[in-house]
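# Structural description and commentary
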Amino acid sequence: MGSLKNEEEMEQIVEESKEAILYVNGVRKVLPDGLAHLTLLEYLRDFGLTGTKLGCGEGGCGACTVMISHYDRKLKKCVHYAVNACLAPLYSVEGMHVITVEGVGNHKRGLHPIQKSLERYHGSQCGFCTPGFIMSLYALLRSSQTPPTEEQIEESLAGNLCRCTGYRPIVDAFRVFAKTDDALYADISSLSLQGGEFVCPSTGKPCSCGSKTVNDIDTNGQSICSATYKPVSYSEVDGSTYTDKELIFPPELLLRKLTPLSLSGLGGLKWYRPLTVKYVLELKEKYPNAKLLVGNTEVGVEMRLKRIQYQVFISVTHVPELNMLNVKEDGIEIGAAVRLTELLNLLREVVTQHPAHETSACKAFIEQLKWFAGTQIKNVASVGGNVCTASPISDLNPLWMAARAKFRIINCKGNIRTALAEKFFLGYRKVDLAGDEILLSVFLPWTRCFEYVKEFKQAHRRDDDIAIVNAGMRVCLEEKGEEWVVSDASIAYGGVAPLSLCAIKTKEFLIGKKWNQDVLRGALNVLRTDILIKEDAPGGMVEFRKSLTLSFFFKFFLWVLHQIEGKKPIKEKVLLSHLSAIKSLHRPPLVASQDYEIKKHGTSVGSPEVHLSSRLQVTGEAEYTDDTPMPPNGLHAAFVLSKKPHARILAIDDSGAKSSPGFAGIFFAKDVPGSNEIGPVVMDEELFASEFVTCVGQVIGVVVADTHENAKRAAGKVHVEYEELPAILSIEDAVSAKSFHPNTEKLLRKGDVDLCFQSDQCDKIIEGKVQVGGQEHFYLEPHSSLVWTMDGGNEVHMISSTQAPQKHQKYVSHVLGLPMSKVVCKTKRIGGGFGGKETRSAFLAAAAAIPSYLMNRPVKITLDRDIDMMTSGQRHSFLGKYKVGFTNNGKVLALDLQIYNNAGNSLDLSLAILERAMFHSDNVYEIPNVRIFGSVCFTNFPSHTAFRGFGGPQGMLIAENWIQRIALELKKSPEEIREMNFQGEGSILHYGQQLEHCTLAQLWNELKLSCDFLKARDEVDQFNLHNRWKKRGVAMIPTKFGISFTTKFMNQAGALVNVYTDGTVLVTHGGVEMGQGLHTKVAQVAASAFNISLSSVFISETSTDKVPNASPTAASASSDMYAAAVLDACEQIKARMEPIASQRNFSSFAEIVRDSSIVRKKGKKVPLSTTNCNVRQFTLSRVSNSLPI
Ligand SMILES: Cc1cc2nc3c(=O)[nH]c(=O)nc-3n(C[C@H](O)[C@H](O)[C@H](O)COP(=O)(O)OP(=O)(O)OC[C@H]3O[C@@H](n4cnc5c(N)ncnc54)[C@H](O)[C@@H]3O)c2cc1C
Ligand code: FES
Ligand code: FES
């Protein structure tokens, strides 16, 4: 074990504190030694601060955002910034103040205005992402001296993902903080401490910053305040309930001197925090393989996802030499540990202070950094970390190379050498650094007159995404008459090779040439041979990447021309229609609005109420499965997973797991006490693979250990020997191998397709093929279950994140061999499901139940995001092959369609999904002759499952593809073809249903008018006419969607309503709250039914022992079904109370209830509870089943 050391030999030694400490929400915590393996998130959640969520564990979703405050000795002020707690090593925040969502406000003390605003604007649905959003904005406001702009607010949220709500309400809620700068809580005195002195929330010291005066720094700890804390605007938000003071910066941390740290973690991990470069170099000499850490945004991901174990970490965040930022005569010197946000701020300042021609490279870096990761990552990630990781898709390295940057490198003896960025990258994640060297700083020279640097990046989306291809380009031009000759150039790419790559031949070609169309053509030709991407290059998309390398250069050519054009006369001009190629993307602040009609029924129905959990969601108090405290003696589970798509299991060696730290047990198929065969529709799966594995990620066994980390490590040590077998990895393979799930071939027919094609009715017949890809569910809350036994194993209980608690109950009873009556599953809320938690979650609960039952101990399983994605299936990919006949007018006469979905290795719900795709294959179009053949493909992928739309979107997409093709063929607009083929009142669909109350044409026409579609179409056409390189599109597409389960008996719902003598009502029903507001809507119905306020109704959880045999919460029908069930129950109770209620005038509902509970009618009390009130076949026979072949 390590210890805190006093490094006396260090120059910058300062008064050393005796212990490693941290403040969390104003509370002092001593950090013991031995925790170097922990992230800040693990630490916070371990002691119950579960408002900070684990969404992805790799800095990508922002659910774990917290605010860090520390006293920056360089800036001489307190700085506040948002970070991802999932990547921040615990010891990296030593001596700092961490504020989590719990430190901002809570539902008892009162909501912080940010929380209040998000609640009021309906900014949360499942709520799992919500604390992260709150903390990102909180950090922005705490760090802003003036109200932030709308752009800054949106930028601060770039690192936060929300999967349910949509960003419009979130941005609307936060936009109010940009508006005015009126006082924070109206009464500034609420921030004052004893004696009426104002206490600065930033420094924690009495000061006058609240009244706008700025004190200066006093390093002796006297009256320190430089960060002017100016209250921000909450003018539109009622912060009156927020009575708390803003948490101040702990005074101890201001006075405390920095100390070097030497600590340790699990597995002999060593953690150092040196304070001088001299000490860094000594450590590097001693441990040549040590990892230098700044943001841990690379190393953290490597450790978590690639499971790489490192032994020694040197945290260099506090080393002054590595944190310098010097603006010099010839350029800028940037310390290797400088964070990207700091660099961005400096560059933004520099471009306003220096002549424009000097800062061309600076501007390119500003643009590139704008689209680099999210704010939380930029706040901690370092320049040196990015350079030395040498990722082939680093966004900055091609720019350093192009901009003539130089890297200063220091070795353990203190010798410094300089390397050109262009020459620094040697191979895949290999740089020109010896084992005893580190990067000291980066020097970025000013650009010269007529020297231009430009950045390029193409990613799947703009914000927070990694590049497909990126580039940095520079050219230095000399004026020769009206022509411009290249005197120097540099063209560097990322994403085209294992390293950032210079296009050397192109550079050589360019030098000495005139900057004109000839040089463009020539350079593009040279580039084609200079940058070669192999057909099998990792990352795929080879053609696209090749074309990006060329189009970037083309844009650069135009951009440079345009730059000169503004200053000098030039022969070569950029055509106006070509300018769109070089305009940088400017995204104006998001503006949108939503209208809804308020038609109230009774006290609550029809009223736009906020989500009933929203107060708890915005404060982080809303509990999800993984937030449930671990019971004493609890164990964590991790899976042993198949690494092969199809193989025979020859042997399993679990000896490594058994000797792993914290190991408690391991279980395989042979240990399952009940049945190992499971499945939601047919039992075609195994809980634990026994003889064969049929996909990567299939569960072979489960390991339990004392911690999640130890369980994962132990599971990773199980060695499985396989005999590999041929695998089917695509729908096409499955179709040619006739690899279909048994009894899944289906046919739907209407009219006579063959006859129609043969007749001369069809003027044209087209054929085509549509491939629809799969999709991750990406519910923000990963799968999680906590299972425990009671009465010596006679009962099994669980809390699960699922859309179908009854399925968990059923699976667990099945694999344990217990009656369902002895198994209970409860679900309070889930952090999103989207279909992914309808069936697949039950497998995980069942697997965790095995060790829990056999060992009689609580077992929790929460999947890491990568394991979740690997094991739990996706939206089905589809293949549709169509033949469509139509008239010259565009009237569709016949559709012949073959449709296949990729089910993966078990049937799960794939047949119902295929059928729904078949039902929706007409979208909204009247087709007299239809033949649809469907088949469910068996492939060696994890079983694909329900996903929003349940096959409907895939069917409709295929239909819209042939509509588009017809429009192209007939040179008409797709909207015209659509309108001409609309179904109408009385249309009989290809599965026999007759349309009633069909509002399609009316809706379409209203919408077309209200959005002025024809004008929009005209504007788009005009834009496209005048812009050669940027195109716009506009479309209007109708859909029809069949709600409810196609398996009719599932369209039933149950509810339990209890009425209490204080007039409050407790409702339990079979549906699960997953963000869609089901509980809110159902509670509104109960409130209106009893004519009481919404606050008098409470829905605590969904539980299989309250409402049995419920259908999964799915099929877009749960609100209708459960609200109807609850209404029925309420009406029954009301009917029972009626004889009493009608006796006299009661002053309140509570009074009626009290009388009902006392008064006896023929010796009986009025029952104030209805149980198991089933509303069956709610949706009647909406959809008929397809015909089996
Ligand atoms: C969610 C997310 C989004 C991201 N988005 C982008 C993006 O858009 N573009 C992009 O380019 N990158 C992106 N990255 C990658 C990453 O953020 C950057 O590479 C970052 O700059 C790394 O810095 P760090 O301080 O966190 O590195 P760390 O993880 O702390 O260290 C990384 C490596 O650098 C070495 N190192 C650090 N300093 C030195 C030094 N002075 N001398 C020698 N070696 C050193 C370490 O030993 C280690 O091997 C993203 C990462 C995440 C997690
Ligand atoms: S960013 Fe930390 S959990 Fe996703
Ligand atoms: S509310 Fe944002 S992920 Fe669910």
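An unreviewed UniProt entry lists the chain under the name xanthine dehydrogenase, from Theobroma cacao. Its UniProt record gives the chain the following Sequence similarities (unreviewed entry) comment, quoted word for word: "Belongs to the xanthine dehydrogenase family."

## Quick look at the overall build of the chain
Within the chain, the secondary structure is distributed over 33 helices and 45 strands. Rg of the C-alpha trace for the chain: 33 Å, near the compact-globule value of 32 Å for 1189 residues, within the 12% margin. Structurally, the chain occupies a C-alpha span of about 95 × 85 × 65 Å along its principal axes. Across the 1189 residues of the chain, 58% fall into the buried class. Across the chain, every contact between residues at least 6 apart in sequence was considered, and the portion connecting residues at least 24 apart equals 75%. Within the structure as shown, the chain displays about 47,800 Å² of accessible surface, and the carbon and sulfur contribution to it stands at 53%. The centroid of the 132 positive side-chain charges in the chain is displaced by 1 Å from the centroid of its 129 negative side-chain charges.

## Re the domain arrangement of the chain
Per the domain assignment, the segments of the chain are domain 1 (18-179 + 243-269), domain 2 (323-576), domain 3 (625-728 + 792-862), domain 4 (733-776 + 875-998) and domain 5 (1051-1173). Summarising the inter-unit geometry, the C-alpha centres of domain 3 and domain 5 are found 36 Å apart. Summing both sides of the interface, domain 3 and domain 5 together bury roughly 1,300 Å²; the carbon and sulfur share of this comes to 49%. Here domain 3 is connected to domain 5 by 7 residue pairs in polar contact (both at pLDDT 80 or more). Ranked by residue count, the leading element in the side of domain 3 that touches domain 5 is strand β33 (residues 823-827), at 5 residues. Per-class residue counts for the side of domain 3 that touches domain 5 are 6 nonpolar, 7 polar and 5 charged.

## Quick look at the UniProt feature "binding site: [2Fe-2S] cluster 2" (unreviewed entry) in the chain
When the UniProt feature table is mapped to this numbering, "binding site: [2Fe-2S] cluster 2" (unreviewed entry) covers Cys126, Cys129, Cys162 and Cys164. These annotated residues cover 39 residues of sequence, and their C-alpha atoms all fall within 9.3 Å of one another, placing them together at a single site. Following the sequence through the fold, Cys129 ends up in the loop between α2 (113-120) and α3 (130-143). Among all residues touching Cys129, those that are not within four sequence positions of it are Leu161, Cys162 and Leu780. For Cys162, a relative accessible area of 10% puts it in the buried group. For Cys162, the residues in contact, after removing those within four places along its chain, are Cys129, Phe133, Tyr167 and Ile170.

## Looking at the pairing of strand β39 (residues 1065-1069)
Summarising burial for β39: 4 of the 5 residues are buried, a large majority. In the sheet, strand β38 (residues 1055-1059) pairs with β39 via 5 bridges, with the strands oriented antiparallel. Bridge pairing links Ala1055 to His1069 in β39. Hairpin geometry of β38 and β39 is characterised by an intervening segment of 5 residues between the two adjacent antiparallel strands and by a positive phi of about 85° at Gly1063. Pairing of β39 with strand β40 (residues 1097-1099) involves 3 bridges; the strand directions are parallel. Opposite Val1067, over in β40, you have Ile1099 as the bridge partner.

## Thoughts on the side chain of Asn386
Of note, Asn386 is situated in helix α12 (residues 383-389). Under the relative-accessibility criterion, Asn386 is labelled buried at 12%. Only 2.6 Å separates the side chain of Asn386 from the side chain of Ser394, close enough to count as a polar contact. Excluding residues that lie within four positions of it along the chain, Asn386 makes contacts with Phe372, Ser394, Leu396 and Asn397.

## Overview of the sheet that holds strand β17 (residues 451-459)
Overall, antiparallel pairing links the 4 strands, which are arranged β17-β18-β19-β20 in an open sheet. Looking at the sheet topology across the chains shown, the edges are occupied by β17 and β20 (501-502). Pairing analysis gives 11 bridges linking strand β18 (residues 467-480) to strand β19 (residues 483-494), with the strands arranged antiparallel. Bridge pairing links Glu478 to Val485 in β19. Set on the sheet, helix α17 (residues 542-565) makes contact with β17, β18 and β19; between it and β18 the angle comes to about 35°.

## With respect to the site of ligand 1
Taken together, 33 residues lie near ligand 1, and Lys291, Leu292, Thr297, Ser382 and Asp395 sit nearest. Contact distances for ligand 1 include 2.9 Å between a nitrogen atom and a backbone N or O atom of Leu439. For ligand 1, an oxygen atom lies 3.4 Å from a polar atom in the side chain of Lys457. Surface burial for ligand 1 is 91%, taken as the share of its 1,000 Å² of free accessible area covered by protein chains. Within the residue set of the shell around ligand 1, elements represented by two or more residues are β8 (291-293), α8 (299-305), α12 and β16 (437-445). Ranked by residue count, the leading element in the shell around ligand 1 is α12, at 5 residues. Each of domain 1 (18-179 + 243-269) and domain 2 (323-576) accounts for three or more of the residues forming the shell around ligand 1.

## Observations regarding the packing of helix α23 (residues 805-816) against helix α24 (residues 840-855)
Direction vectors running N to C along α23 and α24 enclose 40°, while the axes themselves pass 9 Å from each other. By the angle between their directions, the pair α23 and α24 is classed as oblique. Between α23 and α24 lies a crossing whose hand is right-handed. Packed against α23, whose contacting residues are Lys807, His808, Tyr811, Val812, Val815 and Leu816, the element α24 presents Ser841, Ala842, Phe843, Ala845, Ala846, Ala849, Ile850 and Tyr853 at the interface. Its residues assigned to classes, the contact of α23 with α24 comprises 11 nonpolar, 2 polar and 1 charged.

## Focus on the packing of aromatic side chains
As enumerated under the stated definition, the model contains 27 aromatic pairs in all. With a centroid separation of 5.4 Å and 90° between ring planes, the pair formed by Phe424 and Phe425 is classed as edge-to-face. Classification of Phe424 as buried rests on a relative accessible area of 0%. Pairing Trp515 with Phe557 gives two aromatic rings, centres 5.3 Å apart and planes at 35°, and the pair type is tilted. Of the two residues, Trp515 sits in the loop between α15 (504-510) and α16 (517-530) while Phe557 sits in helix α17, which places them 42 residues apart along the sequence. Trp515 sits in the buried class, given a relative accessible area of 4%. Taken together, the ring pairs connect Tyr452, Trp515, Phe553, Phe556, Phe557 and Trp559 into an aromatic cluster. Seen from the ring of Tyr624, Arg829 lies directly overhead, with NZ or CZ sitting 5.8 Å from the centre. The cationic tip of Lys883 hangs over the ring face of Phe757; the distance from NZ or CZ to the ring centre is 4.6 Å.

## A look at the environment of Lys891
With respect to the helices and strands, Lys891 occurs in the loop between β35 (878-886) and β36 (892-904). Separated by 89 residues in the primary sequence, Lys891 and Met980 place their C-alpha atoms 6.5 Å from one another. Ignoring sequence-local partners within four residues, the contact set of Lys891 consists of Gly885, Phe886, Glu926, Met980 and Asn981. For Lys891, the side chain forms a polar contact with the main-chain oxygen of Glu926, separated by 3.4 Å. A distance of 3.2 Å separates the side chain of Lys891 from the side chain of Asn981, its partner in a polar contact.

## Regarding the environment of Glu721
Looking at where Glu721 falls in the secondary structure, it is placed in strand β28 (residues 719-724). Overall, the relative accessible area of 42% leaves Glu721 in the partly exposed class. In this structure the C-alpha to C-alpha distance between Glu721 and Tyr853, which are 132 residues apart in sequence, comes to 28 Å.

## What about the UniProt feature "binding site: Mo-molybdopterin" (unreviewed entry) in the chain?
Residues annotated by UniProt as "binding site: Mo-molybdopterin" (unreviewed entry) correspond here to Gln803, Phe834, Arg948 and Ala1115. On the basis of their most widely separated C-alpha atoms, the annotated residues across 313 residues gather in one place, lying no more than 12.6 Å apart. Relative to the elements of secondary structure, Phe834 occurs in the loop between β33 and α24. Judged by its relative accessible area of 9%, Phe834 is buried. With residues near it in sequence (within four places) discarded, Phe834 still touches Arg163, Cys164, His777, Phe778, Tyr779, Gln803, Ala946, Phe947 and Arg948. Position of Ala1115 among the secondary structure elements: in the loop between β41 (1102-1103) and α32 (1118-1141). Apart from residues lying up to four places away in sequence, Ala1115 is in contact with Ile1043, Ser1044 and Phe1045.

Rules of the game
Residues numbered from 1 in each chain as written. Chains lettered and ligands numbered in written order. Predicted model: local features only at pLDDT ≥ 70, side-chain atom pairs only at ≥ 80, totals over all residues. Heavy atoms only, no water. UniProt positions renumbered as here; feature names shortened; annotations may be inferred. Helix = DSSP H or I, 4+ residues; strand = E, 2+ residues; numbered from the N terminus. Rg over C-alpha atoms; globule rule 2.2 N^0.38 Å. Buried < 20%, exposed > 50% of the residue type's maximum accessible area, 1.4 Å probe, protein only. Contact = heavy atoms within 4.5 Å. Areas by Shrake-Rupley, 256 points an atom, 1.4 Å probe, with all protein chains shown as cover. Lys, Arg positive; Asp, Glu negative; His and termini not counted. Charge placed at Lys NZ, Arg CZ, Asp CG, Glu CD. Domains from an automatic or database assignment. Buried area = accessible area lost by both parts, 1.4 Å probe. Polar contact = N/O pair within 3.5 Å; in protein donor to acceptor, adjacent residues only side chain to side chain. Nonpolar A, V, L, I, M, F, W, Y, C, P; charged D, E, K, R; others polar. Pairing = 2+ DSSP bridges. Axes fitted to C-alpha atoms, helices over the stretch in contact; angles between N-to-C directions. Near = heavy atom within 4 Å. Parallel < 35°, antiparallel > 145°, perpendicular 65-115°, else oblique. Left-handed = near helix turned anticlockwise from the far one by under 90°. Phe/Tyr/Trp six-rings, centres within 6.5 Å; stacked < 30°, edge-to-face > 60°. Lys NZ or Arg CZ within 6 Å of the ring centre and 35° of its normal.

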